[in-house]
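Residue-level structure breakdown
Chain by chain, the residues run as shown.
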Amino acid sequence: DAGVIQSPRHEVTEMGQEVTLRCKPISGHDYLFWYRQTMMRGLELLIYFNNNVPIDDSGMPEDRFSAKMPNASFSTLKIQPSEPRDSAVYFCASSLGGENTGELFFGEGSRLTVL
Amino acid sequence: AQKITQTQPGMFVQEKEAVTLDCTYDTSDQSYGLFWYKQPSSGEMIFLIYQGSYDEQNATEGRYSLNFQKARKSANLVISASQLGDSAMYFCAMRGFLYNTDKLIFGTGTRLQVFP
């Protein structure tokens, strides 16, 4: 079975440009999470969805960040305009919920560098 | 609010020895799960082990075991017979099972170095 698929794996862009990160969760999973990892702040939860509905976006840094989940098999995280401090690895993860253990399955991450 | 604390930024262990990585947590939920993930230098997040708050026995998965002490709110990871390939970052995480706490939050991690 395919795992969580993220694209692009690497992105280098200039300050002010729009960045779109994409994620395809594991089929049948009803939770989707976006995390950001930096050396300074560790793994931060940005936003998570349950059945395509955003449940908690309190971790989204500011209005420059937005996330959507138009259907059960696709999500995007958009940064507009990007800034050098947004440079990080962005992970998408999905999981089952309910009676299950709730283990998160992670994608390989998207490494973003903003110059 | 939920919180995970890992107080050991780095640990060293000799190959074939056992090592314990500490994790304490705080939550007001009655039902929750505790997880450990491994992140090698290649960057992927690898699930290691899970402990449910109502599980009476400590979880074990091969060389990994979770020393769960509910009253002390601790969930330490024990790696037995360390191998060079165990060198990595290790993250403790918690997930509540109520609405709006069903998100996984992570500690700051412990970097484990296994030496020959």
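One can find the structure itself at the top, above this paragraph.
Residues numbered from 1 in each chain as written. Chains lettered and ligands numbered in written order. Predicted model: local features only at pLDDT ≥ 70, side-chain atom pairs only at ≥ 80, totals over all residues. Heavy atoms only, no water.

All right, on to the overall build of chain B then. A count of helices and strands for chain B gives 0 helices and 12 strands. Ordering the α and β elements of chain B from the N terminus gives β-β-β-β-β-β-β-β-β-β-β-β. Expressed as lengths along the three principal axes of its C-alpha atoms, the size of chain B is roughly 45 × 30 × 20 Å. In chain B, buried positions account for 51% of the 116 residues. A sequence separation of at least 24 residues applies to 55% of the contacts in chain B between residues at least 6 apart. Summed over its atoms, the accessible surface of chain B is roughly 5700 Å², and 49% of this surface lies on carbon and sulfur atoms. Charge-centre separation for chain B: the mean point of 10 positive side chains lies 4 Å from the mean point of 11 negative side chains. (Helix = DSSP H or I, 4+ residues; strand = E, 2+ residues; numbered from the N terminus. Buried < 20%, exposed > 50% of the residue type's maximum accessible area, 1.4 Å probe, protein only. Contact = heavy atoms within 4.5 Å. Areas by Shrake-Rupley, 256 points an atom, 1.4 Å probe, with all protein chains shown as cover. Lys, Arg positive; Asp, Glu negative; His and termini not counted. Charge placed at Lys NZ, Arg CZ, Asp CG, Glu CD.)

This paragraph deals with the pattern of salt bridges. Residues and elements named next belong to chain A. All told, the structure shown has 12 salt bridges over all chains when counted by the stated rule. Notably, a salt bridge pairs Arg 9 with Glu 108, separated by 3.0 Å at the nearest N-O pair. Placement of Arg 9 in the loop between strand E1 (5-7) and strand E2 (10-13) and of Glu 108 in the loop between strand E10 (105-106) and strand E11 (110-114) is noted, with a sequence separation of 99 residues between them. Overall, Arg 9 belongs to the partly exposed group, its relative accessible area being 38%. Close ionic contact of Arg 85 with Glu 83 constitutes a salt bridge, the shortest N to O distance being 2.6 Å. Classification of Arg 85 as exposed rests on a relative accessible area of 54%. What makes Glu 83 partly exposed here is its relative accessible area of 23%. (Salt bridge = Lys/Arg side-chain N within 4 Å of Asp/Glu carboxyl O.)

A few words now on the side chain of Ser 75 of chain A. Residues and elements named next belong to chain A. If you trace the backbone, Ser 75 turns up in strand E8 (residues 74-79). Residue Ser 75 is classed as buried on the basis of its relative accessible area, which comes to 0%. Among the polar contacts made by the side chain of Ser 75, one reaches the side chain of Trp 34 at a distance of 3.0 Å. Apart from residues no more than four positions distant in its own chain, Ser 75 is found in contact with Leu 21, Arg 22, Cys 23, Leu 32, Trp 34, Phe 49, Lys 68 and Met 69. (Polar contact = N/O pair within 3.5 Å; in protein donor to acceptor, adjacent residues only side chain to side chain.)

Put simply, the largest pocket is a space of about 690 Å³. When residues of the lining of the largest pocket are assigned to their parent elements, the largest contribution, 4 residues, is made by E11 of chain A. Each residue belonging to the lining of the largest pocket can be placed in one class, and the counts come to 10 nonpolar, 15 polar and 5 charged. The wall of the second largest pocket is formed by Arg 41, Gly 42, Leu 43, Glu 44 and Leu 45 of chain A together with Phe 106, Gly 107 and Thr 108 of chain B. The biggest single contributor to the lining of the second largest pocket is strand E5 (residues 42-50) of chain A, with 4 residues. The residue makeup of the lining of the second largest pocket, split by class, is 3 nonpolar, 3 polar and 2 charged. (1 Å grid on protein atoms, 1.4 Å probe; cavity = no way out; pocket = protein on both sides within 12 Å on 5 of 7 lines; lining within 4 Å. Points joined across faces, edges and corners; volume = space filled by probe spheres on them. Nonpolar A, V, L, I, M, F, W, Y, C, P; charged D, E, K, R; others polar.)

The next point concerns the interface of chain B and chain A. For an interface, size is often stated in terms of accessible area lost upon the parts coming together. Contacts between the two partners involve 17 residues from chain B and, on the opposite side, 18 residues from chain A. With both chains or domains summed, chain B and chain A bury close to 1600 Å², and 56% of this area falls on carbon and sulfur atoms. Interface area lost by chain B to chain A is led by Met 45, Arg 95 and Lys 103 of chain B, which between them contribute 29%. At the junction of chain B with chain A, the criterion picks out 1 salt bridge. In this structure, the salt-bridge partner of Asp 56 of chain A is Lys 103 of chain B, at a minimum N-O distance of 2.5 Å. Taken together, the links from chain B to chain A amount to 7 residue pairs in polar contact (both at pLDDT 80 or more). (Buried area = accessible area lost by both parts, 1.4 Å probe.)

A full pass over the atoms with the stated rule returns 15 aromatic pairs over all chains. Relative to Tyr 48 of chain A, the ring of Tyr 31 of chain A lies with its centre 6.5 Å away and its plane at 15°, an arrangement referred to as stacked. One end of the pair, Tyr 31 of chain A, is in strand E4 (residues 31-38); the other, Tyr 48 of chain A, is in strand E5, with 17 residues separating them in the sequence. Like Tyr 31 of chain A, the residue Tyr 48 of chain A is buried in the burial classification. Seen from their ring centres, Phe 91 of chain A and Phe 106 of chain A are 6.0 Å apart, and the 85° between their planes marks the pair as edge-to-face. Of the two residues, Phe 91 of chain A is situated in strand E9 (residues 88-95) and Phe 106 of chain A in strand E10; the sequence distance between them amounts to 15 residues. Like Phe 91 of chain A, the residue Phe 106 of chain A is buried in the burial classification. Here the aromatic residues Tyr 31, Phe 33, Tyr 35, Tyr 48, Phe 91 and Phe 106 of chain A together with Phe 35, Tyr 37, Phe 47, Tyr 50, Phe 91 and Phe 106 of chain B are joined through ring pairs into a cluster of three or more. One Lys or Arg, Arg 63 of chain B, reaches over the ring of Tyr 64 of chain B and ends 5.7 Å from the middle of that ring. (Phe/Tyr/Trp six-rings, centres within 6.5 Å; stacked < 30°, edge-to-face > 60°. Lys NZ or Arg CZ within 6 Å of the ring centre and 35° of its normal.)

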